[in-house]
Structure formats: C-alpha cells, structure tokens
Amino acid sequence: EAEPLAVRIGIATGSVVIGDIVGEGGAQEAAVLGETPNLAARLQAIAEPNTVVTAQTTHTLASGLFDYDALGEHSLKGIERATEVWRVVGERRAESRFAAMHASALTPLVGRDEEMEMLTRRWQRAKDGAGQVVLLAGEPGIGKSRLARTLQDTVADEPHTRLLFQCSPHHTSSALYPVIAQLERATLIEAGEPVDAKLDKLHVLLAQSGQSQDEAMALIAALLSIPTEERYPLPELTPLQQKDRTLAALSGQLIGLAAQQPVLFIFEDAHWIDPTSLELLELAVERIKDLPVLMIITYRPEFAAPWVGGAHVSLQALSRLAPHDCTRMVERLTGERTLSPEILAQIAERTDGVPLFIEEMTRSVLEMSADFGDAPAVTGQSVDLAVPTSLQDALEARLDRSPAVREVAQVGAAIGREFPYDLLARVVSLTTVELDAALDDLAGSGLIFARGAPPNASYTFKHALIQDTGYSSMVRGTRHDTHKRIVDILLELRPETAETGPELLAHHYTEAGLLDEAVDWWTRAGRAAAARSANPEAVALLVRGLDLVAELPVAEARDRRELALQTALFGPLITVKGQTSPELEAAFNRSLELCEHVDAPTEWFRATVSKWLFHAMSEEMTAAFEVAETFMQRAELAADDGVLVVGKGMFGRSLFWLGRLPEALEHIDQALTTFDRERHGHLMLDYVYDPEVTIEAYRAATLWLLGWPDTARESSDRAVSQALELGHLASLVPTLCWGGVFPHTMLRDIRAMRQIGKHIDFVISQHDMPVVKVWARMVSTLVEISARPTLRAATELGDGISLFVKATRGPSMLMPMLYCWLAETYLAVCEPAQALEALTVGLELTVASEERWSEAEIHRIRGLALAVAGGSEANGEAEASMLKALTVAKSQSAKSLELRAATSLARLLRDQGRLVEADEILAPVYGWFTEGFGTPDLRDAKALLDELS
C-alpha cells in the first residue's frame, strides 16, 4: 500500500538575486541566488512532515496573522549565525483595534537658519503690501516642504489666510488638478452629498473672497464637476472663453482674500504642474506685486521656473546638509537615546546630507536597535549593524515589519500620492481592523499624513519618494491585479471620474495591463483636454495612448484605435508644434496609411485636411491644390454637406494661393452659403479649424485683391469678431492673419492694424506659440513702418522674417508678400539695392512654391526699386517690370494690384514726360472701381489722374 503524501515547507524572507536560466526543456527555471533561498532550504530539511517552519524574519513579518511555536535556535549548514526557528501552528484571528490618527513630530529643522531668515523677511515685506515670490528649488528630500511648514508654524498666530496647493506626478496632464484638489479640501465637500449642499459649501468659501457672484460660482462649480443649471446657470461660452474666465475667477479669489488680510500662498512640487495650472500660476505671480501675498513655490531642479529674475521674485536653491548638521539632526531625532559614533558616521556618509534620507535611516536604525534589545546602536558599542543604504532600503525594512502595513502602502501608492479611505478599503484584502491598524502604524511612523476620520478620511504620503518605494516593492502580477481593482471600484464609487478624470482611469488601465481599455481612455482624455483648449496636455495624453497601441496585436480593432488617436492629435499638434511640424506630418501620413486598411471615411477626410494644410504652410501650393482637389472629389460623393463645406473652403483657398482669384471667391462663397452654425459647428473640432471664420478671413483677402476694398473691410471685421467670439484657438490665429493683418496692411489702416496686433498679443500671453510670437513682432513692426518707415524698422522686419523661417522650419505661406513689404520699406528709406535683394528672394519663392497671388506686387515694387536706382537702362527695366505687374494682375483679375501697378507705371511715365500714355494706362483701371475711394490707393490714383489731366 502506498504511503500517504507528506510535505515539509521552510520559509525565509529577505533579498534575493534572480540569475540566469538553468536546466533544459520543461525543467528550465530562473536561478534564485543569495542567503535567503539557502536558509529556506535548510529550514525545510529540519521541518517535520506536514509542517511549516520559518526563520525569524518571516516570523516577525507574519506574527500578527499566524500563531507559532518556538523551536529555539538551530545551527544550520552554510548559515554563519545560529538561527531562531518557528513552527506555524495556524492562522490567527486579528484582535488589534483601530486608534485615532495622530500626527507625528516634525523632522527637526537643522542648518536652515539663513533660509528661514530670508522667508521671514519676505513675509514682512508681503504684509506691508509688496507682494513677494520665493522659489524653493532642490532635489527630492532636501527640505523644501519642511521650510514652508516651518514658516507656516512661525506665522500661525498672525492674522492671515493660508492657501496650499499640491501637484501630483499622476496628474501632469490634468488641467488645474492642484487647484481643484485645494478647492475640494477647502470646501469640505464629500462624495455623495446633494448638489445643493455642495453649492452651499462652495458659496461660503467664495464669499470669503467676495467672489460669490453667479458667474464665478458657475465657473468654479463647473471646475469641480458640480451641476449648476438650476441655481447658477453657466453662460454660453466657448471652451477657450470658459477657460479664460475660470482663470480670471480663480485669480480674483486670491485678490479678494488679499484685500482682507495677508495671504501665505504655498505651491508644492511645481515640477509636476500641468500647463493650465502653470498659466494660472504665472498670472498670479504677476498680479500679487502690489498685494499682501507671499507666494512660496517649491520644485525640483529639472523644472525651469519662468519667474526667475523678476523684481519681486527670490530664488533659494537648497543645498545638502554639512556633516556636522547631519549629526545634529540625528541627535535631535534620537532624543535621549544615543547612537554610537560608528552608526552616526554611517548615517552621515550614506545619506549624503539629504534630510529626508537622514530621517528615514535614523528611524530605521532606532527600530532595528529596539529589536536587538536596544544595545548595540545606542550604548556606544562599536558594531557593524546592517543599516539600510538608501531611502528605499530604509522604507523596505520598516514595511517588512508587517504584511498589512506593506499591503496598505503598496495599494495606497498604486492609487496615488493621496488615497481615500473608502477606495483603499475596497481594494486591500484586509479586514477593517487590520486596515485601520496598518494605517495607524503608517501615520504613527510618519510615512503618511491623515486628514479626517474613516470612512471619510484621506491619506497622503509624506514624500513622493516614499510612494515610489512602496509602489516599486510590488511584483508585476500583484501590480496588475491591484490597478484593475482600483479602476473597477473607482468607477463604482465615483462614476463621475469618467468625465472629470479620464486620464486617471487611463493610467490605472495601463498599469493593470489592460491595453485595449487603456488606449480608449487615453483617447478620451486627450479629446477632453483638446476641447478645453488644454492643448499641451492633450498632446501628452494622446501620445501616451499611441505608445500603448504599439503593444497591441495587429488587427482591425488595433488600427481603429490608433487611427482615433492619430486624428485626435491634429488640432493640438498644430497649436503646440505648428502646421509644418514633422510630428503633424507623421500623424496625418500614418492616419492615411491606416485608412487604407479600415473603412473610415471621416478619419480620411480629417487626415487629408491636415495634409493639405501641411503642404500649404510649407509653400507647396501645387501639392496642396492636388490634395484639395482629391478631397473635393470624395466630398461631392459623400452626401454630407458639412464635408462639402470643408472641401469648398480648402479648394477656394488653394485657388487663391495659385492666383485664380475669381474661382477662389466662387468656392469660398459657396462654402459660406452652405455653412450653418447649428448643423456644422462640430466641424471646428473635427477638422482643426472652424470653417466659417477661416473661410471668411480668406474672403476678405480675396475681395481686396479683386478690387472691392470696402466690402473686404466689412468681411475682415466680420471674420475677426466671429473668431474672437468663438474663442477657438486654432481658428483664431489664421483668421487674425488672413482676415486681419493682410487686408488692413494692404488698406494701410494703421488703427485697425494696431487693434489686430493687440489681439495677437493677447493670444501669445495666454498660449506658448512660437510662430505666433514671431507674427506679433512683425505686426508691431509693420504698424511702425506704416506710421513712419525707418532703416531700423526695415532691419527688424528682416530679422522677423528670418525668425519666421526658423519657427516654421523653412519657407512658409505668405513669405513672398513679406519680402514685398520688406522691399517697400527699404525703398521708403532710399535703400534700393537691399530692396532688390529682398525682391529676388520673394520672386524665387513665388516660382518655387507657386504661391502666385502676390506675384504682381513683386514685379511692381521691383520696377520702383529699379527706377530709384536710376539710369536710362534701369528706367527701361523698371517700365518692363511694371508692365509685367499689370499683365499678371489682369490675368488674375487682381484689380487692386492692377491699380497699384498702373499708378506706379503712370507715375514713371509722367516723370519721363509721357503724360498721355500715363493717363491712358491709369484712367481705365481707376474707372473700373465703384467703392473704396477713401482708401490710400484710390486717393493716390485720383490725385495722379488730376495732375495728368
């Protein structure tokens, strides 16, 4: 008869090294090296059948969960020291009870006297009404937050308001995350409360700053995802308008609080700031100059603080502590207990002067010494203790004291820097008693801070490095399972997260290894950010999704997911990177490639629009025309008048660039006639630009060229006002250019040019757009030139063109006209040679790019430059160039350019005494016009005709 199966198990706990693969075939396995597996094998050998024995380390970790019998010390082969062995008797029912949370003592502040004196002086200045900003920069754990906390304690008894904002590494693409978190803490709003209760709390908070007006309530409630339709209806605003007004309301809250008493404004970990919060912070830094506000901003060295150098800004870079300060800090941490000089030296050496490392290692040493009877480390004896060599080792050593503590730290780290009790309780495998005890242990040891009481409590890791250490201690399989539970329970507990934090769900799906779901949520998060004009965040979120798509198996579903991400990138990329960026080219090329494998007509149209725009902005007008023509052919078969509007607009603009102006106006007018805001408003998000305002902008330019200056002005004003009202950033910029800068510059309307310049300045004050910044500079120069041309202004315009070429990575749309304006300025200051050089470049660009609409103007100004250069031969060439300008303008029906060419040629002929010829050339062209007689061009022509007659 067979003997019954028996098993002996030995368990040891400690660090191991996973080495090379050993064995062959099905017996292959990874070699596990180190003392720990050897100890476990020796324990297994001495175990009785059907028993489990453990080493001391394992017993310590699991003593709260299991009952043991002590088997005494054993000398084991290959193990240097005698080993305490324990036999597991059975599972223990946990009996510990949760105790009220209590904050541990702060880390002693050592070696920071000068920094504290500086902060105190800045606080006094701020209280006197001279707002101050202090930038505290330094590596992780260096003591930035500790300094800020000390100042808070120092001024605690003085009348003031404290505002604390905390950035998060998991929310770098979540617009205004630290602001939202601060508002939720300040209002004490709890999940599941009735809407009216939430609004009442928010009203009380905003009333403290005088910002409780209906619009401010509506905007900030919307930021907190609180419905307000009944009490505080949100005005009808575009995403950009809502964003701008929300930032204004938030900055108004700070101003209102400062009007009552001094404000201590602390902004922690700015290196994790999202772009929209950065906009708000920049606005606040500027506005506090004359307010009683001290703003402290902490960040790591990798963050490039944009405020350095401001008159009211002080930078304080924190250095590591000197060795004697390390010793002082350890002595204060140990209190009455004394560590041996050897241990002090080890701590000072291995922590390298970082206060957080000093604190964690000292606490770990004290706990270890307590385990060993308090003798070696604290009695002055010289002994080589196994002191952890880094913060991670120190934390691991402390977490290993309790499996429950380790699990809570790991799950909390997976949730985030801040983790709520209700979510944590649902994810961990612990009972309520075990969970509460573990949280009490973590808070008592200073690893986390607690706010509130369960079940409404939330917890925050004391430092990001502590969170990172806890998270890194999870094995991959456990990590995946944990994130899957987090996302499932998060959606159950807080379903509104799908709208308010899709990027958070995307993060958890990613870490759970659920790539299909993760990609979908990154796509959703990116689109939501783009809809709020948070374009840098949108790009970051969508790129995260694309990184994951590459890991999915090849299939139609994978291609559709990638296509959704690529097409969602178009608008944000254009705003952030520019219309000729290689990133945009890669996105639309990949999209078109994917469209060959899946039936996706909408995505094909969107990708084709981006391709058309790329060619146009790269001065490849024939290629752009061919793309527009292909688009039109499909659009006419699509039975979708919205797509046809887009196609007509593309085709009309392509014809414009090629100088086919009457045809261009025909298609532009057809597009505008078909467009209906109610039915086609969504095209703004689907096709990068809003069709109506951008097409209207080109209509203004086309009308001026065709000889309708007054009508062009009306069209320009309409395009610009509509674009400003719409507030769609990607549509606003080209409208200000083609509907504002071009027609008003050609009309020589200085007042209107100044106003357009102000609009462009406002755009660049709100958004980091390098190309638009260059445009703003050139518009300012053009205004100056129109008022009074100078050689300095001509040089500045030339520099602006060079910067424009650099910003657009090569020649770009409107370049020939820019060189016309440059040449005209050089002529005005009697520099014909430099004018001719500029015109040579402009003509070369015209020929190479086929951007023909400004060709007549190039030939006209070249004729003027040749005439100024002088000489009989030059006069002949000048006349030939002006005749060429007339010919080109007539062929394009560009009546305004034809009038300019005729006026310049008539003036040249007059100077040669050929009055009759001059009159015969100019009179018919002038006689064609029926409007615009108050414009400079028509006034000049009329004056010349009067002189000739």
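Residues numbered from 1 in each chain as written. Predicted model: local features only at pLDDT ≥ 70, side-chain atom pairs only at ≥ 80, totals over all residues. Heavy atoms only, no water.

**A look at the overall build of the protein chain**
1) Next: Within the protein chain one finds 43 helices and 14 strands.
2) Next: For the protein chain, the spread of C-alpha atoms along the principal axes amounts to about 125 × 80 × 60 Å.
3) Next: Evaluated residue by residue, the protein chain yields a buried proportion of 54% over its 949 residues.
4) Next: Sequence separation of 24 or more characterises 68% of the internal contacts of the protein chain that already satisfy a separation of 6 or more.
5) Next: When the accessible area of the protein chain is evaluated, it comes to approximately 41,100 Å², of which 51% is carbon and sulfur surface.
6) Next: Averaging the positions of the 86 positive and the 134 negative side-chain charges in the protein chain gives two centres separated by 3 Å. (Helix = DSSP H or I, 4+ residues; strand = E, 2+ residues; numbered from the N terminus. Buried < 20%, exposed > 50% of the residue type's maximum accessible area, 1.4 Å probe, protein only. Contact = heavy atoms within 4.5 Å. Areas by Shrake-Rupley, 256 points an atom, 1.4 Å probe, with all protein chains shown as cover. Lys, Arg positive; Asp, Glu negative; His and termini not counted. Charge placed at Lys NZ, Arg CZ, Asp CG, Glu CD.)

**Some points on the packing of helix α27 (residues 641-657) against helix α31 (residues 691-706)**
1) Next: Orientation of α27 relative to α31, taken along the N-to-C sense of each, is 30°, at an axis distance of 10 Å. Considering the angle they form, α27 stands roughly parallel to α31. Crossing angle aside, the handedness with which α27 passes α31 is left-handed. Residue-level inspection shows V645, V646, G649, R653, F656 and W657 of α27 in contact with α31, the latter providing P691, T694, I695, Y698, A701, T702 and L705. (Axes fitted to C-alpha atoms, helices over the stretch in contact; angles between N-to-C directions. Parallel < 35°, antiparallel > 145°, perpendicular 65-115°, else oblique. Left-handed = near helix turned anticlockwise from the far one by under 90°.)

**Points about helix α38 (residues 832-849)**
1) Next: Across its 18 residues, α38 extends 25 Å between first and last C-alpha, which sits within 8% of the 26 Å expected from 1.5 Å per residue.
2) Next: Of all the residues in α38, the buried ones are P832, A835, A838, L839, G842, L845, T846 and S849. One face of α38 carries all of its buried residues, which in axial projection span an arc of 140°. Away from the buried face of α38 by more than 90 degrees, exposed residues A833, E837, E844 and A848 are located.
3) Next: Tucked into the core, α38 has its buried residues touching α26 (621-635), α37 (815-828) and α39 (855-869).
4) Next: Positive phi appears at E850, one or two residues downstream of α38, with a value of about 70°. (Expected span 1.5 Å × (residues − 1). Arc of directions from axis to C-beta.)

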